[in-house]
Amino acid sequence: MDETLHPNTTKTLLVVYHSMTGGTRQMVEAAARGAASEPTIRVRNLLATDTQVADLNADGYIFGTPENLAAISGLMKDFFDRTYYPALDHLSGRPYATLICAGSDGHNAARQVARIATGWRLKAMADPLIVCTHAQTPEAILAPKVISSDDLARCEELGAFFAAGMSIGVF
Ligand SMILES: Cc1cc2nc3c(=O)[nH]c(=O)nc-3n(C[C@H](O)[C@H](O)[C@H](O)COP(=O)(O)O)c2cc1C
């Protein structure tokens, strides 16, 4: 069935994330809230550790990860390691977005997600959204994070934009 003729068909946006000190979790929850404002989009928000290859049966993806040690977090990597080959050639052409929570950088984690997504032949629907917490000391880095309302609004907008685009079939 041609979906452009049936724009109300429900589509699924899968959010997969890991978060150690809560920053990434707040970011993906904001993005999921934004996406949920689009009635034709069903949002599934899953921890990376709970996500199996069958869960990748979705119409679009948001990957949320901390940048730890200049890389995506270990548990996010574990998700990609477990699912990469079983899902290869089954996701081609679907849209995705990346949310990164970092102390001061975030770009290496964003590059890693982009390389994996390129392998899966996914299409980036936006540049990676990176939020820096500016935690500098070990104590601050390990403390629970509170993401600012401005940054949460950026994540929510990304989710709403992504869902609206999926709904009308532009992604
Ligand atoms: C072991 C460890 C390594 C980290 N390495 C980096 C890094 O390479 N670059 C960076 O910008 N932030 C780094 N950070 C800071 C985290 O990205 C930051 O604390 C962020 O809030 C983590 O996201 P979360 O709150 O979702 O766990 C590191 C944090 C930890 C615990």
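Quick summary incoming for the structure in this document. (Residues numbered from 1 in each chain as written. Predicted model: local features only at pLDDT ≥ 70, side-chain atom pairs only at ≥ 80, totals over all residues. Heavy atoms only, no water.)

With respect to the packing of helix α1 (residues 23-36) against helix α5 (residues 149-168)
Under the convention used in this document: Think of each axis as a best-fit line through the C-alpha atoms, taken over the contacting stretch in the case of a helix, with angles from 0 to 180 degrees between the N-to-C directions. A run of H or I in DSSP becomes a helix once it reaches four residues, and a run of E becomes a strand once it reaches two; helices and strands are each numbered from the N terminus. Just so you know how the angles are binned, under 35 degrees is roughly parallel, over 145 roughly antiparallel, 65 to 115 roughly perpendicular, and the rest oblique. For a crossing to be left-handed, the near helix must be turned anticlockwise from the far one by less than a right angle; the clockwise case is right-handed. In what follows, a contact means two residues having at least one pair of non-hydrogen atoms within 4.5 Å. In the scheme used here, Gly and all other residues not listed as nonpolar or charged are polar, with Ala, Val, Leu, Ile, Met, Phe, Trp, Tyr, Cys and Pro taken as nonpolar and Asp, Glu, Lys and Arg as charged.
Closest axis-to-axis distance for the α1/α5 pair is 6 Å, and the angle between their directions is 40°. By the angle between their directions, the pair α1 and α5 is classed as oblique. In the packing of α1 onto α5, the handedness of the crossing is right-handed. The segment α1 lies against α5, with Gln26, Met27, Ala30, Ala31, Arg33, Gly34 and Ala35 engaging Leu152, Cys155, Glu156, Gly159, Ala160 and Ala163. Tallied by class, residues from the contact of α1 with α5 come to eight nonpolar, three polar and two charged.

As for the site of the ligand
For clarity, the threshold we go by: Residue proximity to a molecule or strand is established when one non-hydrogen atom of the residue lies within 4 Å of it. In the analysis that follows, any N or O atom pair within 3.5 Å is treated as a polar contact, provided that within protein one partner can donate a hydrogen and the other can accept it, and provided that, for residues neighboring in sequence, both atoms belong to side chains. Accessibility throughout is a Shrake-Rupley quantity obtained with a 1.4 Å probe, and a residue counts as covered only by protein chains that appear here. Definitions used throughout: a 1 Å grid over protein atoms alone; a cavity as a set of points that fits a 1.4 Å probe which cannot get out; a pocket as an open set with protein on both sides within 12 Å along at least five of seven lines; a lining residue as one with an atom within 4 Å of a point. Grid points define the cavity or pocket, and a molecule sits in it when more than half of its atoms lie within 2 Å of them.
The environment of the ligand is formed by 20 residues, the closest being Ser19, Thr21, Thr24, Glu67 and Ala70. Ser19 is positioned such that a nitrogen or oxygen atom in its side chain is 2.6 Å from an oxygen atom of the ligand. The contact in question runs from an oxygen atom of the ligand to an N or O atom on the backbone of Asp105, over 2.9 Å. Protein contacts shield 84% of the accessible area of the ligand, which totals 630 Å² for the unbound molecule. Because more than half of its atoms lie within 2 Å of the grid, the ligand is assigned to the largest pocket. Counting residues per element, the ones that place at least two in the shell around the ligand are α1, β3 (60-68) and β5 (95-102). Among the elements that make up the shell around the ligand, the one with the highest residue count is β3 (three residues). Each residue belonging to the shell around the ligand can be placed in one class, and the counts come to seven nonpolar, ten polar and three charged.

Regarding the pairing of strand β2 (residues 41-47)
Filter applied, for reference: Note on pairing: DSSP must find at least two bridges between two strands before they are called paired. Seen with its strands pointing away from the viewer, a crossover is right-handed when the path leading from the first strand over the helix to the second is clockwise.
Where strand β1 (residues 11-17) and β2 come together, seven bridges link them in parallel fashion. What sits directly across from Thr12, in β2, is Arg42. In this region the chain leaves β1, passes through α1 and returns to the parallel neighbour β2; the handedness of that crossover is right-handed.

Regarding unusual backbone geometry
Rules: Burial here depends on accessible area, computed with a 1.4 Å probe over protein chains only, as a share of the maximum for the residue type. Under 20% is buried, over 50% is exposed, and the range in between is partly exposed.
Non-glycine residue Asp89 carries a positive phi angle of around 75°. Structurally, the position occupied by Asp89 is in the loop between α2 (74-87) and β5. Located in the positive-phi region is Arg121, a residue other than glycine, with phi close to 60°. Summarising the element assignment, Arg121 is placed in the loop between α3 (107-119) and β6 (123-124). Residue Arg121 is classed as exposed on the basis of its relative accessible area of 53%.

Remember that the coordinates give geometry; whether it matters functionally is a separate question.
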